[in-house]
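# Topology and contacts: notes
One letter stands for each residue in the lines below.
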Amino acid sequence: MDSTDHGVEARVADLVHRADEIVKAAPARRDESAVIGQAGELLEQARDLLDDVADPERRRALAAQVSRRIGDLDRALVASFQGPSPGVRRAPTKDVDPARIPPNQHLTAGFPVLHVGRMPDTAAGDWRLTVTGLVERRTVFSLDDLRDLGTVTERSDFHCVTSWSRLDNDWTGVRVRDVIDAAGVKAAASHVIASGHPAYSANLDLEVVRRDDSLLAWAHDGAPLTREHGGPLRLVVPVRYGWKSVKWVTELRLLDRDVHGYWEERGYHDVADPFLEQRFA
Ligand SMILES: Nc1nc2c(c(=O)[nH]1)N[C@H]1C(S)=C(S)[C@@H](COP(=O)(O)O)O[C@H]1N2
Ligand SMILES: [Mo]
């Protein structure tokens, strides 16, 4: 074994150690899922380095350490999403048409912030959305390009699987339909996988993203979308649980088959209709 191997091993060990330190501090913090996401990023970096560890015994031992921790984090994340979200204050339901509230949801007075991992810090002017897969022209859009396709405002309700719902959100942006049509949807396309920072994704039926109220939004309730709520650009699909509304969206990929996204891979429902209470697979 040469000195480079020791260097790689030390870097893997350091990343694992830093991830452990973050996890130790996590349960006491308000943004638990974000903290777990940061530890996850370090472990992903450690996993990427493993191939460079020349000694097969050491490589196997380190790989076991890394994957055990990644498994623990995945379970902790799923658990953290099953509890109440930080920032949820219940709102009264008395003046609301009960038909608007999906089963086992309650209204929130605020606007909770929920995501895994770190927020990106890309400036709005540098933001790009790529539409790719089964399209005539793979197209990269800036926010100005999207605005040129026609700005709309749609009022809709937002339902998070962790059981809070926020009614009457005014989302301003462009219809997803208009964006994918600008790229030319091929006849074979039936599904969309939307990806966003840091390594998040969600799958949707093409039919659902073609609805009038499915938007790529840059403003909420008349103000520019804040970073924590997915600014400068997020997907909004009101007829699905909130996890399908990918924040910091960077890519829409059209497919002729269903491919699971981040939460669908972790046991959440493929479709996610809140009125059918499709929480878990
Ligand atoms: N990129 C990204 N988008 C995401 C998430 C995430 O973890 N990463 N979480 C989803 C979930 S579970 C919900 S409920 C909504 C929350 O949006 P909000 O933070 O604006 O309330 O964002 C969704 N979009
Ligand atoms: Mo959610």
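Residue numbers run consecutively from 1 along every chain, following the written order of its sequence. Whichever chain is written first is A, and whichever ligand is written first is 1; the rest continue in order. Two thresholds apply to this predicted model, a pLDDT of at least 70 for residue-level local features and 80 or more for giving and counting side-chain atom pairs, whereas whole-chain, interface and lining totals are computed over all residues. Excluding hydrogens and water, the side-chain figures rest on all heavy atoms present in the structure.

### Observations regarding the site of ligand 1
In these notes, residues near a molecule or strand are those with any non-hydrogen atom within 4 Å of it. Taken together, 20 residues lie near ligand 1, and Pro 112, Val 116, His 229, Arg 234 and Lys 247 sit nearest. Pairs of N or O atoms within 3.5 Å make up the polar contacts considered here, provided that, within protein, one atom can donate a hydrogen while the other can accept it, and that residues adjacent in sequence are counted only when both atoms are side-chain atoms. Here an oxygen atom of ligand 1 sits 2.6 Å away from a polar atom, N or O, in the main chain of Pro 112. His 229 is positioned such that a nitrogen or oxygen atom in its side chain is 2.6 Å from an oxygen atom of ligand 1. Shrake-Rupley sampling with a 1.4 Å probe provides the accessible areas, and residues are treated as covered by the protein chains on show and by no other component. In the complex, 100% of the free accessible area of ligand 1, which totals 530 Å², lies under the protein chains. Each residue gets one label: Ala, Val, Leu, Ile, Met, Phe, Trp, Tyr, Cys and Pro are nonpolar, Asp, Glu, Lys and Arg are charged, and the others, such as Gly, are polar. By residue class, the composition of the shell around ligand 1 is 13 nonpolar, 5 polar and 2 charged.

### Observations regarding the sheet that holds strand S2 (residues 129-133)
In spatial order, the strands read S3-S2-S11-S6-S7; together these 5 strands make up an open sheet with mixed pairing. Edge strands, defined here as strands with exactly one partner in the open sheet, are strand S3 (139-141) and strand S7 (200-205). Going across the sheet, the axis of each strand differs from the next one's by a mean of 20°, ignoring polarity. Between any two strands, at least two bridges found by DSSP are needed for them to pair. What counts as a helix is a DSSP run of H or I of at least four residues, what counts as a strand is a run of E of at least two, and both are numbered from the N terminus. Relative to S7, strand S6 (residues 191-196) runs antiparallel, the two sharing 6 bridges. Inter-axis angles, ranging from 0 to 180 degrees, are taken between N-to-C directions of lines fitted to C-alpha atoms, where helices are fitted over the stretch in contact.

### Side note on the pattern of salt bridges
Basic side-chain nitrogens of Lys or Arg form a salt bridge, by our definition, when they fall within 4 Å of a carboxyl oxygen of Asp or Glu. Counted under the stated rule, the structure contains 20 salt bridges. With a closest N to O distance of 3.6 Å, Arg 257 and Asp 256 form a salt bridge. Each member of the salt-bridge network shares a partner with another, and the members are Arg 100, Asp 157 and Asp 168.

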